[in-house]
Amino acid sequence: MEYWQKELETMPRPALEKLQTERLRETVARASAAPFYAEVFAREGITPESITSLRDLQKLPFTTKEDLRESYPYGMAAIPLEKCVRLHSSSGTTGNPTVVLHSQRDLDAWADQVARCMYMVGIRDTDVFQNTSGYGMFTGGLGFQYGAEKLGALTVPAAAGNSKRQIKFIMDFGTTSLHIIPSYAARLTEAMQEEGIDPVRDTKLRVICMGAEPHSEEQRRRIEKMLGVKAYNCFGMSEMNGPGVAFECTEQNGLHIWEDYVIAEIVDPETLEPMPEGEVGELVLTTLNREAMPLVRYRTRDLTCFLPGECACGRTHRRIARLRGRSDDMIIIKGVNIFPVQIEKILMQFGELGGNYLITLDTVNGSDELTVEVELNDLFTDDYSELQRLTKDIIHSLKNELLITPRLKLVARGSLPVSEGKAVRVKDFRKLI
Ligand code: COA
Ligand code: AMP
Ligand code: ZN
């Protein structure tokens with residue numbers, strides 16, 4: 001078995017837990033310099049000395065996405081801004097987005113973490129690695145870019161979109177490995193078939209890193225078959241840098257969560273009490289190795305469980321099961337995270353609209369589609385050109401907010417179902433291959 005960092009990846013549990021305890025104490029010390037944690041820790045009487053064993057983690061308060069939003073933009077910075085070299089920002093539920101800051105040391109550690117994951121699934125410096133993730137603020141872009149470069153692979157920053165060009169790159173550059181989200185893997189396969197290319201016969205593809213949205217074992221197997229590759233589930237989130245938090249090894253039986261980088265807990269989302277091994281709850285993560293913006297007991301809202309037993313690959317870091325969805329109402333479409341309330345916020349800015357709307361997610365020609373149906377209010381015109389102008393304006397505003405292009409249907413007042421009690425705002429009919 002080959003490892004990127006053998007000593008760390010196969011560290012005996014007692015040594016790993018000792019390392020975690022030391023790093024947790026350092027994390028508390030570092031976090032205390034951030035305005036947000038300075039206040040919380042002072043209120044709760046928490047100091048680095050409060051941490052003498054891993055059990056002391058339980059004394060620390062949880063951090064939520066809401067806390068991140070309220071600390072926008074720099075309230076979570078634990079080092080001076082002149083020592084920060086990168087900022088990633090993603091949409092919050094309403095109001096402020098969230099911000100994650102990185103020092104150069106943080107970025108180097110993140111690249112190492114991603115390189116470790118890629119090496120684990122057999123990607124080497126002899127590979128041509130094409131990244132179909134969005135770049136810019138999407139952390140799957142730069143996250144995989146720096147990881148793949150650190151590994152020494154020939155890296156093609158193709159970015160999202162333009163399937164024809166993706167295919168040309170795959171063919172011309174002899175791409176052997178992709179980072180791709182499952183719904184787009186289905187679309188890309190379809191696009192290849194449209195061009196008469198058989199991905200299994202005509203390409204050199206052999207390994208793909210596939211994550212960013214929930215998918216089943218059956219979907220993975222189908223994508224593997226269609227593309228003629230091994231597909232490995234990769235999990236990450238912007239708040240925890242991005243990709244590289246947990247990744248499958250070649251056993252394809254759960255994702256190793258890198259415990260030298262994070263402490264993982266799984267809690268009941270209602271009571272916040274720890275869940276027994278094997279039972280699904282919300283993943284909570286504490287950064288151990290981040291200096292610009294440490295996060296303590298961050299509630300990810302992602303649902304999963306710890307898998308029991310040791311992994312045949314020899315790595316000692318625990319495994320989590322593939323993600324089962326979320327404990328909030330966030331939806332992921334085309335690899336982009338959306339909260340329904342973001343859509344509502346935009347719709348409510350248009351006086352021509354009533355309050356009733358419906359969001360439908362569907363698969364159209366192999367691609368995710370998001371349709372927003374919204375009722376007009378009584379007073380609005382039925383003039384066609386006015387309606388066209390309104391449609392264009394609403395789509396433009398929604399695209400600016402969501403980063404994807406929705407379809408929009410303006411409908412007469414009273415034509416959408418009125419649900420009793422809590423309105424059902426989202427219907428998901430997507431069929432992932
Ligand atoms: N990754 C790569 N390409 C994607 C994609 C994805 N997740 N989702 C859609 N696309 C492709 C489409 O197939 C289409 O190309 P094609 O017509 O040549 O096949 C092109 O992008 C535009 O898609 P469309 O649905 O018309 O555009 P949109 O305005 O609704 O969405 C995207 C724009 C695709 C740029 C936006 O959804 C995006 O950036 N997605 C990627 C997010 C991401 O990388 N997430 C991972 C983070 S780790
Ligand atoms: P982002 O912050 O944009 O990178 O999105 C992170 C979120 O995407 C996570 O909190 C999960 O909800 C989801 N996600 C990322 N990777 C996976 C995966 N492998 N399986 C399921 N969901 C994922
Ligand atoms: Zn393993």
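Residues numbered from 1 in each chain as written. Chains lettered and ligands numbered in written order. Predicted model: local features only at pLDDT ≥ 70, side-chain atom pairs only at ≥ 80, totals over all residues. Heavy atoms only, no water.

> Can you lay out the side chain of Arg124 for me, pointing to particular residues and giving the numbers?
When you line up the elements, Arg124 lands in the loop between helix H5 (104-120) and strand S3 (128-131). At 3.0 Å, the side chain of Arg124 and the side chain of Glu2 are in polar contact. Within polar-contact distance, the side chain of Arg124 engages the backbone oxygen of Tyr119 at 2.8 Å. Apart from residues no more than four positions distant in its own chain, Arg124 is found in contact with Glu2, Tyr119, Leu151 and Ala153. (Helix = DSSP H or I, 4+ residues; strand = E, 2+ residues; numbered from the N terminus. Polar contact = N/O pair within 3.5 Å; in protein donor to acceptor, adjacent residues only side chain to side chain. Contact = heavy atoms within 4.5 Å.)

> Lay out the site of ligand 1 in plain terms, naming residues and giving numbers.
Surrounding ligand 1, one finds 19 residues, the nearest of these being Gly134, Ser163, Arg187, Lys334 and Thr405. Ser133 is positioned with one of its side-chain polar atoms (N or O) 3.1 Å from an oxygen atom of ligand 1. Between Thr405 and ligand 1, the recorded distance is 2.5 Å, taken from a side-chain N or O atom to an oxygen atom. For ligand 1, whose free accessible area comes to 880 Å², the fraction covered by protein is 75%. Here the residues of the shell around ligand 1 sort into seven nonpolar, nine polar and three charged. Mapped onto the domain boundaries, the shell around ligand 1 takes at least three residues apiece from domain 1 (1-326) and domain 2 (331-428). (Near = heavy atom within 4 Å. Areas by Shrake-Rupley, 256 points an atom, 1.4 Å probe, with all protein chains shown as cover. Nonpolar A, V, L, I, M, F, W, Y, C, P; charged D, E, K, R; others polar. Domains from an automatic or database assignment.)

> Hey, could you go over the site of ligand 2 for me, with residue numbers and the actual values?
If you check the shell around ligand 2, you find 18 residues, and the closest are Asn233, Cys234, Ser238, Asp302 and Asn337. A distance of 2.5 Å separates an oxygen atom of ligand 2 from a polar side-chain atom of Asp302. Here an oxygen atom of ligand 2 sits 3.1 Å away from a polar atom, N or O, in the side chain of Arg326. Within the complex, the protein chains bury 89% of what would otherwise be the 500 Å² of accessible surface of ligand 2. Among the elements that make up the shell around ligand 2, the one with the highest residue count is strand S7 (residues 230-236) (four residues). In terms of residue class, the shell around ligand 2 is built from eight nonpolar, six polar and four charged.

> Just give me the short version of the coordination of the zinc ion (ligand 3), but keep the residues and values in it.
Protein coordination of the zinc ion (ligand 3) is provided by Cys249 (SG), His256 (NE2), Cys311 (SG) and Cys313 (SG), with donor distances spanning 2.1 to 2.3 Å. Note that the zinc ion (ligand 3) binds four donor atoms; their angles at the metal cover 100 to 118°, and the shape is tetrahedral. (Donors = N, O, S within 2.8 Å, 3.2 Å for Na, K, Ca; no water. Tetrahedral: all angles 85-135°; square planar, octahedral: opposite > 155°, others 65-115°.)

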